[in-house]
Amino acid sequence: MRYEAPETIEAAVALLAAAGKTARVFAGGTDLIIQIKEEMIEPGMLVDIKKIKETREVILDDDEIRIGASVTGAELGENKELKKLFPGVVEAVQLIGSDQVQGRATIGGNFCNASPAADSVPALIASGAKAVVAGPNGTRTAAVEDLLIKPGQLSLAPGELIISFCLSRPPKNTGDAYLRFIPRSEMDIAVVGAGVSVTLNPDGTCAAARVALGAVAPTARLVEQAPDILLGKELDERVLAELAAAASATCQPINDKRGTIKFRTSVAGVLACRAIKIAWERAEKN
Amino acid sequence: MNEVKTTAKTNFKWVGKRTRRPDGPDKVTGRARYGDDMVMSGMLYGKTLRSPHAHAKILSIDTSKAEALKGVKAVVTHKDIPDHPLLEPPYGPMIADLHDISRNVMAREKVLYDGHAVAAVAATSERIAKAAIKLIEVEYEILPHVLDPLAAAQPGAPILHEHQFTHGVDPKPEAPSNVFRVVSAERGDLEKGFADADIIVEREFRSEPVHQGYIEPQALIATASEDGAVEIWTTTQGHFVIRGLCARLMNMDMSSIRVTASEIGGGFGGKNNVYAEPVAIRLSQKTSRPVRMVMTRSEVFRGTGPASGTYSRIRMGAMRDGTIVAAEAEIYNQAGAFKGSPVGRSVDSFFSSYSIANAKATAYDVCVNRPKVAAYRAPGAPMATMAAELTINELAEKLDIDPVDLRMKNAVQDGGQSLNGAKYGRIGLTEVLETVKNHPHYSAPLAPNQGRGFALGYWMHGGGLSSVVANLLDDGTVAIATGNPDIGGSRSSMRVMAAEELGVDLELIKPIVADTGSMGYSHLTAGSRTTFATGMAVINSVREIIEKLRALAAKKWEIPVDDVAWEAGQAVTQRDGFEALTLKQLAGMATKMGGAIAGHSEINAGGAGAAFSAQIVDVEVDPETGFVSLKRYTVIQDAGRAISPDYVEGQMQGGAVQGIGWALNEEYIYDDKGCLQNLGFLDYRMPVASDVPMIDTVIVEVPNPNHPYGVRGVGEPPLVPAPGAVANAVENAIGKKMGSLPLSPPKILGTLELCR
Amino acid sequence: MSKYHVTTTINGDEVDFTCYADQTLLEVLREDLNMTGTKNGCGSGDCGACTVIVNGRPVNACLVLGAELDGANIETIEGMSTGTELHPLQQKFLDHAALQCGICTPGFLNMAKALLEKNPEPTETEVRYALAGNLCRCTGYDKIVRAVLDAAAEMRESTS
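Residues numbered from 1 in each chain as written. Chains lettered and ligands numbered in written order. Predicted model: local features only at pLDDT ≥ 70, side-chain atom pairs only at ≥ 80, totals over all residues. Heavy atoms only, no water.

1. Remarks on the overall build of chain C
(1) Moving on: In terms of regular secondary structure, chain C is built from 5 helices and 5 strands.
(2) Moving on: Ordering the α and β elements of chain C from the N terminus gives β-β-α-β-β-β-α-α-α-α.
(3) Moving on: Taken over C-alpha atoms, the radius of gyration comes to 16 Å for chain C, in line with the 15 Å a tight globule of 160 residues would show.
(4) Moving on: Judged by the C-alpha coordinates and their principal axes, chain C covers about 50 × 35 × 25 Å.
(5) Moving on: Relative to its full complement of 160 residues, chain C shows a buried share of 64%.
(6) Moving on: Summarising the internal contacts of chain C: among those between residues at least 6 apart in sequence, 56% fall at separations of at least 24.
(7) Moving on: Counting only carbon and sulfur atoms, one obtains 43% of the accessible surface of chain C, whose full area is about 5400 Å². (Helix = DSSP H or I, 4+ residues; strand = E, 2+ residues; numbered from the N terminus. Rg over C-alpha atoms; globule rule 2.2 N^0.38 Å. Buried < 20%, exposed > 50% of the residue type's maximum accessible area, 1.4 Å probe, protein only. Contact = heavy atoms within 4.5 Å. Areas by Shrake-Rupley, 256 points an atom, 1.4 Å probe, with all protein chains shown as cover.)

2. A look at the interface of chain B and chain C
(1) Moving on: Listed by partner, the interface residues are 54 residues for chain B and 47 residues for chain C.
(2) Moving on: Roughly 4300 Å² of surface becomes buried between chain B and chain C when both sides are summed, with 54% attributable to carbon and sulfur atoms.
(3) Moving on: The three residues of chain B that bury the most area against chain C are Arg20, Val28 and Met694 of chain B, which together make up 18% of that side's buried surface.
(4) Moving on: Across the contact surface, chain B and chain C share 8 salt bridges.
(5) Moving on: For Asp37 of chain B, the salt bridge goes to Lys39 of chain C, with nearest N and O atoms at 2.4 Å. (Buried area = accessible area lost by both parts, 1.4 Å probe. Salt bridge = Lys/Arg side-chain N within 4 Å of Asp/Glu carboxyl O.)

3. Section: the pairing of strand β6 (residues 117-123) of chain B
Residue and element names in this part refer to chain B.
(1) Moving on: Taken across its 7 residues, β6 has 7 buried, putting it largely inside the fold.
(2) Moving on: The pairing of strand β2 (residues 44-50) with β6 spans 6 bridges and is classified as antiparallel. Within β6, the position partnered with Thr48 by the bridge is Ala120.
(3) Moving on: With 4 bridges joining them, strand β4 (residues 72-76) and β6 adopt antiparallel strand pairing. Note that in β6 the partner of Ala74 across the bridge is Ala122. (Pairing = 2+ DSSP bridges.)

4. Let's talk about the environment of Met686 of chain B
(1) Moving on: In this fold, Met686 of chain B is placed in the loop between α19 (681-684) and β29 (695-701).
(2) Moving on: When near neighbours in sequence (up to four residues on either side) are disregarded, Met686 of chain B contacts Arg184 of chain A, Gly213, Ile215, Glu666, Phe681 and Asp691 of chain B together with Leu135 and Arg137 of chain C.

5. Regarding the pattern of salt bridges
(1) Moving on: On inspection of all chains with the given rule, the structure shows 82 salt bridges over all chains.
(2) Moving on: For Glu78 of chain A, the salt bridge identified is with Arg57 of chain C, shortest N-O distance 2.9 Å. Of the two residues, Glu78 of chain A sits in helix α4 (residues 73-78) while Arg57 of chain C sits in strand β4 (residues 57-60), which places them in two different chains.
(3) Moving on: Owing to a relative accessible area of 43%, Glu78 of chain A belongs among the partly exposed residues under this scheme.
(4) Moving on: In this structure, Glu501 of chain B engages Arg543 of chain B in a salt bridge whose closest nitrogen and oxygen atoms are separated by 3.0 Å. Highlighted residues: Glu501 of chain B in helix α15 (residues 490-502) and Arg543 of chain B in helix α16 (residues 530-557), separated in sequence by 42 residues.
(5) Moving on: You can call Arg543 of chain B partly exposed: its relative accessible area is 37%.

6. Regarding the domain arrangement of chain C
All names here are of chain C.
(1) Moving on: When cut into domains, chain C gives domain 1 (4-79) and domain 2 (88-159).
(2) Moving on: When each unit is reduced to the centre of its C-alpha atoms, the spacing between domain 1 and domain 2 is 22 Å.
(3) Moving on: The largest contributions to the domain 1 side of the interface with domain 2 come from Thr51, Ile53 and Ile77, which together make up 40% of the buried area.
(4) Moving on: Counting every contact that joins domain 1 to domain 2 gives 1 salt bridge.
(5) Moving on: Residue Glu75 is joined to Lys113 by a salt bridge in which the shortest nitrogen-to-oxygen separation is 2.9 Å.
(6) Moving on: Our count for the domain 1 to domain 2 interface comes out at 5 residue pairs in polar contact (both at pLDDT 80 or more).
(7) Moving on: Looking at the side of domain 1 that touches domain 2, the element that brings in the most residues is strand β3 (residues 51-54), giving 3 residues.
(8) Moving on: In terms of residue class, the side of domain 1 that touches domain 2 is made up of 6 nonpolar, 4 polar and 3 charged. (Domains from an automatic or database assignment. Polar contact = N/O pair within 3.5 Å; in protein donor to acceptor, adjacent residues only side chain to side chain. Nonpolar A, V, L, I, M, F, W, Y, C, P; charged D, E, K, R; others polar.)

7. Comments concerning the interface of chain A and chain B
(1) Moving on: The interface of chain A with chain B comprises 20 residues on the first partner and 22 residues on the second.
(2) Moving on: Together, the buried faces of chain A and chain B total about 2000 Å²; carbon and sulfur atoms form 52% of this surface.
(3) Moving on: In terms of surface lost to chain B, no three residues of chain A exceed Pro183, Arg184 and Lys257 of chain A, which account for 33% of the buried area on that side.
(4) Moving on: Inspection of the region where chain A meets chain B yields 7 salt bridges.

8. Quick look at the sheet that holds strand β7 (residues 138-143) of chain A
Consider a sheet: its strands pair through backbone hydrogen bonds, and that pairing is either parallel or antiparallel.
Residue and element names in this part refer to chain A.
(1) Moving on: Taken in spatial order, the 5 strands make up an open sheet running β4-β5-β10-β6-β7, and their pairing is antiparallel. Unpaired on one side and paired on the other, β4 (58-60) and β7 mark the two borders of the sheet. Taken pair by pair, the neighbouring strands of this sheet meet at an average axis angle of 20°, ignoring direction.
(2) Moving on: One ladder, built from 6 bridges, connects strand β6 (residues 130-135) with β7; its direction is antiparallel. Within β7, the residue paired with Val132 across the bridge is Thr141.
(3) Moving on: Each of β6 and β10 (161-168) is contacted by helix α1 (residues 9-19), which is oriented at about 130° to β10, the strand it contacts most. (Axes fitted to C-alpha atoms, helices over the stretch in contact; angles between N-to-C directions.)

9. A look at the environment of Met519 of chain B
All names here are of chain B.
(1) Moving on: Residue position: Met519 is located in the loop between β22 (509-513) and α16.
(2) Moving on: With relative accessibility at 11%, the residue Met519 sits in the buried group.
(3) Moving on: Through-space distance from the C-alpha of Met519 to that of Asp576 is 42 Å; in sequence the pair is 57 residues apart.
(4) Moving on: Once you skip the residues sitting within four places of it in the chain, Met519 turns out to touch Phe240, Ser467, Val468, Val469, Ala481, Thr482, Gly483 and Ala514.

10. Focus: the domain arrangement of chain B
All names here are of chain B.
(1) Moving on: Segmentation of chain B into domains returns domain 1 (35-143 + 218-294), domain 2 (306-461 + 609-755) and domain 3 (464-605).
(2) Moving on: When each unit is reduced to the centre of its C-alpha atoms, the spacing between domain 2 and domain 3 is 39 Å.
(3) Moving on: On the side of domain 3, 15 residues touch domain 2, which itself brings 15 residues to the contact.
(4) Moving on: Together domain 2 and domain 3 conceal approximately 1100 Å² of surface at their shared face, both sides included; 62% is due to carbon and sulfur atoms.
(5) Moving on: Inspection of the region where domain 2 meets domain 3 yields 0 salt bridges.
(6) Moving on: Summed over the shared surface of domain 2 and domain 3, the number is 5 residue pairs in polar contact (both at pLDDT 80 or more).
(7) Moving on: For the side of domain 2 that touches domain 3, the residue count by class is 7 nonpolar, 7 polar and 1 charged.

11. Quick look at the sheet that holds strand β12 (residues 192-200) of chain A
Residue and element names in this part refer to chain A.
(1) Moving on: An order of β11-β12-β13-β14 is seen for the 4 strands of this open sheet, with the pairing classed as antiparallel. Of all the strands in the sheet, just β11 (174-181) and β14 (221-222) have a single pairing partner and so form its edges.
(2) Moving on: Inspection of the sheet shows strand β13 (residues 206-214) paired to β14 by 2 bridges, in the antiparallel sense. Its bridge partner being in β14, Leu213 is matched across the sheet by Arg221.

12. Structural notes on the packing of aromatic side chains
(1) Moving on: Summed over all chains, the structure comprises 22 aromatic pairs over all chains.
(2) Moving on: Look at Phe181 of chain A and Phe627 of chain B: their rings are 6.1 Å apart centre to centre, the planes differ by 85°, and that puts the pair in the edge-to-face class. With Phe181 of chain A in strand β11 and Phe627 of chain B in the loop between β27 (610-621) and β28 (628-638), the pair connects residues from two separate chains. There is no split in this pair, since Phe181 of chain A and Phe627 of chain B are both buried.
(3) Moving on: Among the aromatic residues, those joined into a cluster by ring pairs are Phe301, Tyr668, Tyr670, Phe681 and Tyr684 of chain B. (Phe/Tyr/Trp six-rings, centres within 6.5 Å; stacked < 30°, edge-to-face > 60°.)

13. Some details on the side chain of Arg550 of chain B
Residues and elements named next belong to chain B.
(1) Moving on: Inspection of the secondary structure assignment puts Arg550 in helix α16.
(2) Moving on: Within polar-contact distance, the side chain of Arg550 engages the side chain of Glu547 at 2.7 Å.
(3) Moving on: Not counting the four nearest positions on each side in its chain, Arg550 is found in contact with Val561, Asp562, Val564, Ala565 and Trp566.

Next comes the structure, spelled out in structure tokens:
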């Protein structure tokens, strides 16, 4: 196995394109190193993207926010301004692993590992994030949910890699939140995750809402009916009950070592409601 | 809050004080050398090939490709491990059958569980060793497997051992069975007892196997020399046991094997056994080079012993005044691939805290396609205890009697007996229960969705064989060598007891753990026996030194030895005109006046006696998700006498938290092929720091009359009631009975939703 | 397979080593540099026994590659004390009996050190969550948490 640490996007793309399927993009390594050591994968080359400036920056422009793919959870947590704008996204990334893992695990890595249970993904989907993808044919952007195909797989062409994630600066009265369920207080993989972003009208009713769930289907997915349930409404018990039902109906989970179909379906509704209450409260303050 | 309640003598110089441990600086600086921290010149790296099947016949093993790989120096299969005949009855409480052990360290006719060792290699690097085991070709014929102990006990279940017929049943069975033996104990007349009962409670429980969860994986180095001598460096709870097992397994003289115990990174009973040691010996014999074998974490989960998963049924009856008049229980213990689950201890654990006139308990030792179980902190006790304690709590509920009062009424007294017939001496049960009743935690208010659990645990301690050598050095310091690996601070307690006896400063005593070549046999650091039994040998050894010092002083003073006493670290006499001789002065004279002074003691310590641990726990259950959070936890336990209170509390706290894990989240998850799915800490889910509150402790001291300082064992009792106490708290929080551990959120939510 | 030449600073000293691309920092420390104070409990970032500090951040040495460490500043348990003087955390771990078997101790100490550098006055809850990535099976965490809180108090006093 080779280890390369290019300093430009072009050099990284060239290395990846030349190596083909045997190359893997390497950032925090908290998933990849385990997969290599457990012989689940045997890459011929690791392309470490941490020396590429664009993957390491968080840029807060007037209308757009860019988070580099190899920014770590710990770094995101220390970015007070970002945390104020997208507390849900930051909290989601910060839930990944221990503080030790936080020092290494990156937002891009969490996304590219393509686990259905990845914490960052429902939060990114809820906040309408787009991924900036560089490749042999230049750079493209895509809604993050459109890149998800199935567990362990993204729709990236050979030689493509994710450079950063873009978020629009949230309009007034917008708030986001992410919650997950794990059986312990820390250190587990999400059994269910729920990310929510809401924008409120001046009268306190819902102007826009996105609710996304993790760990309940082959990929993180949007609760499609959420806007129908929420738009123009206040957050009362009836609306919450409808949202819970819609969230549960969105689930297509499996039974595995981390949870059952029944449990995931039920708890998805609970978490969607708990998350929207937090997001709503944040929106009222923003 | 940690407190010590004692009624006994307290004017000690060192006993009961909070002192720093002698091995402390090495352990906070990284200098301490554990199993995997040793290298030897010319060392090879061993690696084990393990079965991917739960149950399969081995048709062939072809090692030729592995042997041909550059850097591979030796390959070992079952052909290299001597076979042994089956152990014949009568069977003792502990079964160590070389026939089984030889097959557990290296599968012979069949593989019996996912992770069973099949072959091993030694190579010049870990990398090459890993590549080599992939080149070994094993042809299997897959057989049906069975994981559940109840299912395995039924006729028609896949049979693991065709030669095994259930022992202890009448008539003698004609068909082979996975049930190795049925053990029971009883007293009184059950039928009459239940007829007398006004209230009868019946319950059923299940539990999954749980791993000891030590953080240091098994690791060792074996070196065989051309003249037949073998040295082993290994992380173990008993290097003398490793020596004995290796010698018998490999048909070697015991004296030709010398075992050194490394520092040990946790064991809890899981490091009482041999796994790779015999294999590494063989690899080293084939190459005349040291061979290191270190397990990965997944190998630890797949290949080393958990505690039994269980199924149990229980029925208890009481009269309206609270007298428990009848109790009957049975438990099926998973033994794993080979016989030997702690059935006797399970039988003894159900009812031995109480004097119940009519009682019977039965335990089944059932082989299943899982790793062979190993001891785990009070083996056999926690699940039997949970069954009995939750049933008693339900009796208390139905009788409208306070659970502690109900126990007080039925508590076994000094001079009573355990169900297995062991006679109690002075025990501290009443004192423990009184302390519970008066503890502020017991009556503190609870918030909504919270529940309080209570359970009592009993454990009969072992004493056993211990050896100690104490050498007085010229400068008045004393080197104390024991044969017991120090797993949680025992060197500190040995030092305290030696300094107390001698009446000198702690710093003058230097305790070490010596290798098997240096001294007499010492049994495992297990069964909560080390401070009791090995401590007694330390005291004996030091007393021998004191006797010799008195004689030396008498010689110097030219007076009869009977006129010399030993007080506060010096020889003194009532006679006029003699100034006391200090330890240091006497030590300096010794070699000029007859020779070096040493003491030694080789004992089989008896009278360790029973100890009781009572636990109160508050939990809060999230009614929408089934998530359980621990709010408050108190452990109240009779320690006899706490030589080192810090480390007694540490045992109480650690045992309680292991019980929390057992009750709530720890379990083995297998797929339908019988392969382990959660073979790492990520999905095995032991408690982390943020899962638990401070664990409050009360050390109750009712001294054990059979130990010079009153020591009882303390390591095992705190785990005994813990899973039951936590389960009881969850039941009380949700207002429903739950009988299947772990009480994981899906199960709790399922129970709650069923009731909605 | 070729090896990579890496120059680092470990506990203040310049240390260079060669390693394969798939070799972790944990393997480099333990196998090649004979620094066995960093412990191997799981190899998957779940137990924290191998916690070291790289460029000021606590990380699992089993989840860092040696090859990516050129120019890195690494702190391990071997460098925690100053000369013959134990670090306050080391002292408090001994005073509070915060270890039994001791295998998890180096990892806990490094993690606690990193925590106190970031947050000199943590609450009990903050300590517990910061240490959640370090497994201890012996102590039930009680005495570890007390030791860290006590060390924090003492360190605050000595700097004020």
